[in-house]
Amino acid sequence: MAMQRFIPWWIAMTLALATPLLAAQELIADMGAGPPTGRYAFASSTPRSLLELLKAPGQGEPAQPVGHWFLPPGTERGPAVVLMHGSGGIYDAMLDFWPKQFNAAGIAVLAVDSFGPRGVKSTAENQLLVPLAADLADAFAALKLVASHPRVDPARIAIMGFSRGGITAWRTSVARIAASQRLPDGLRFAAHVPVYAGGCVGTFRLVVKLDVFSIKAPMLWVHGDRDDYAPIGPCRDYAERIAKTGTPVEFLTLEGAMHKFDQDDIRRIHVRGAQRTLETCPLEMDIDTLIYYDRNTGQRLSGEAVQATMRQSCSATGAHLQGDRAARDKAAQAILAFFRKTLGSR
């Protein structure tokens, strides 16, 4: 009898992703049939702005983001996490390090590629190539998709996002945004993990007040203190403000870590054209009225004033990225502990 060879799932996944015949992924409406580990396209849309997203689900041009689905061994029903990438698109750690960590804890993983199916490789130098509202549409579409899998408990699905994806990780906690998507049976993300998140200053920052953020879904913010792309100070301040309105919030500072500390490449990389927002930028928006204010003075700003402020006080280019395996391991330990508390994982 010939000896049967068993290939670890992550090697099989890598081979599958590299095989040209499997490059075209299946489009699925839901996961009710219990699909195994693989790549699956699913329906979403590309709303052009937050205002358009808030009108109703499905606004904008149709889209088919791709979810890289990693199912842990076993047959029991358990938690899951949706991973959202940053401006550089989907990357190594989202397809290897993080799925391994979470699957070992019994957590299913859907790593979403929002850029590739839209024909975009990176938005680092131009964030308008894919509207930020499209990331939100993809995240909620991914939530519905994952919740339909028979091995996933819909009440125990978290979202974790990196950099630009970190904006999505905390914005999906905003009550008005979540309500606008008319999710079935009160479906919501059970926990939010922004990792070196953007949006803590500038046009994506929201005025923090009662009832803006969910008080039911806890947050864990993870940030390096040497991050010059999305500086830690504004995010620490933002997290503290959110906590004061009733949302359970934790904040992990990684000493010496830079932006994208979880990537495999440990070289320090200078991204010269990367668009970034200065931490002194005073802009913030009221989610109820969609009006911008100067958070230092409280002054209401017109559209022209917002643009002028962006040019004069907010916009800069150039930042650094560097993988840091010790920081990544520390982050993983903290996130797994957080998920044990919030999702009931192993």
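Above this text sits the structure in question.
Computed from a predicted structure; not experimentally measured.

Novice: Would you mind showing me how to read the overall build of the protein chain here?
Specialist: A tally of regular secondary structure across the protein chain gives ten helices and 16 strands. The C-alpha radius of gyration of the protein chain comes to 19 Å, within 12% of the 20 Å expected for a compact globule of 346 residues. Oriented by its inertia axes, the alpha-carbon framework of the protein chain measures out at about 80 × 45 × 40 Å. Nonlocal contacts in the protein chain, meaning residues at least 24 apart in sequence, comprise 81% of its contacts between residues at least 6 apart. Surface summary for the protein chain: the accessible area is close to 15500 Å², and the carbon and sulfur share equals 53%.

Novice: Looking at this model, I keep getting lost on the packing of helix 5 (residues 132-147) against helix 6 (residues 164-171). Mind explaining?
Specialist: Between two packed helices, the angle of one axis relative to the other and the distance separating the axes together describe the packing. Where helix 5 meets helix 6, the axes come as close as 10 Å, and the angle between the chain directions of the two elements is 60 degrees. The orientation of helix 5 relative to helix 6 falls into the category oblique. Considering only the axes of helix 5 and helix 6, their crossing is right-handed. Residues Leu132, Asp135, Leu136 and Ala139 of helix 5 lie in contact with helix 6, whose contacting residues are Arg164, Ile167, Thr168 and Arg171. In the contact of helix 5 with helix 6, the residues fall into four nonpolar, one polar and three charged.

Novice: Looking at this structure, how should I read the packing of aromatic side chains?
Specialist: A ring pair, where both rings are aromatic, is described by two values, the distance of the centres and the angle of the planes. Across all of its chains, the model carries 13 aromatic pairs by this definition. Between Trp170 and Phe213, the aromatic rings sit 6.2 Å apart at their centres with planes inclined by 50 degrees, giving tilted as the arrangement. Remark: Phe213 occurs in the loop between strand 9 (191-195) and strand 10 (219-224) and Trp170 occurs in helix 6; sequence separation between them is 43 residues. Judged by centre distance (5.1 Å) and plane angle (75 degrees), the ring pair of Trp170 and Tyr238 falls under edge-to-face. With Trp170 in helix 6 and Tyr238 in helix 8 (residues 232-244), this residue pair connects regions lying 68 residues apart in the sequence. Residue Trp170 is classed as buried on the basis of its relative accessible area of 0%.

Novice: Help me understand the sheet that holds strand 14 (residues 291-294) in this model?
Specialist: The strands making up a sheet associate through backbone hydrogen bonding, with each pair oriented either parallel or antiparallel. Strand order across the open sheet formed by three strands is 13-14-15, with antiparallel pairing between neighbours. With partners counted over all chains shown, the strands left at the sheet margins are strand 13 (283-286) and strand 15 (300-301), one partner each.

Novice: How should I be thinking about the pattern of salt bridges in this particular structure?
Specialist: As a working rule, side chains carrying opposite charge can pair if their charged atoms are close by. Under the definition given, this model contains 14 salt bridges. Here Asp153 makes a salt bridge to Arg156, at a shortest N to O gap of 3.1 Å. Through salt bridges with shared partners, one network takes in Arg205, Asp237, Arg241 and Glu284.

Novice: So what exactly am I meant to see when it comes to the pairing of strand 13 here?
Specialist: Regular strands place their side chains on alternate faces of the sheet. Burial along strand 13 is two-sided: the face carrying Leu283 and Met285 and the face carrying Glu284 and Asp286 are both buried. The pairing of strand 13 with strand 14 spans four bridges and is classified as antiparallel. The residue bridging Met285 from the neighbouring strand is Tyr292, located in strand 14. Joining the antiparallel neighbours strand 13 and strand 14 is a turn of four residues, in which Leu290 adopts a positive phi near 60 degrees.

Cut-offs applied
- Residues numbered from 1 in each chain as written.
- Predicted model: local features only at pLDDT ≥ 70, side-chain atom pairs only at ≥ 80, totals over all residues.
- Heavy atoms only, no water.
- Helix = DSSP H or I, 4+ residues; strand = E, 2+ residues; numbered from the N terminus.
- Rg over C-alpha atoms; globule rule 2.2 N^0.38 Å.
- Contact = heavy atoms within 4.5 Å.
- Areas by Shrake-Rupley, 256 points an atom, 1.4 Å probe, with all protein chains shown as cover.
- Axes fitted to C-alpha atoms, helices over the stretch in contact; angles between N-to-C directions.
- Parallel < 35°, antiparallel > 145°, perpendicular 65-115°, else oblique.
- Left-handed = near helix turned anticlockwise from the far one by under 90°.
- Nonpolar A, V, L, I, M, F, W, Y, C, P; charged D, E, K, R; others polar.
- Phe/Tyr/Trp six-rings, centres within 6.5 Å; stacked < 30°, edge-to-face > 60°.
- Buried < 20%, exposed > 50% of the residue type's maximum accessible area, 1.4 Å probe, protein only.
- Pairing = 2+ DSSP bridges.
- Salt bridge = Lys/Arg side-chain N within 4 Å of Asp/Glu carboxyl O.

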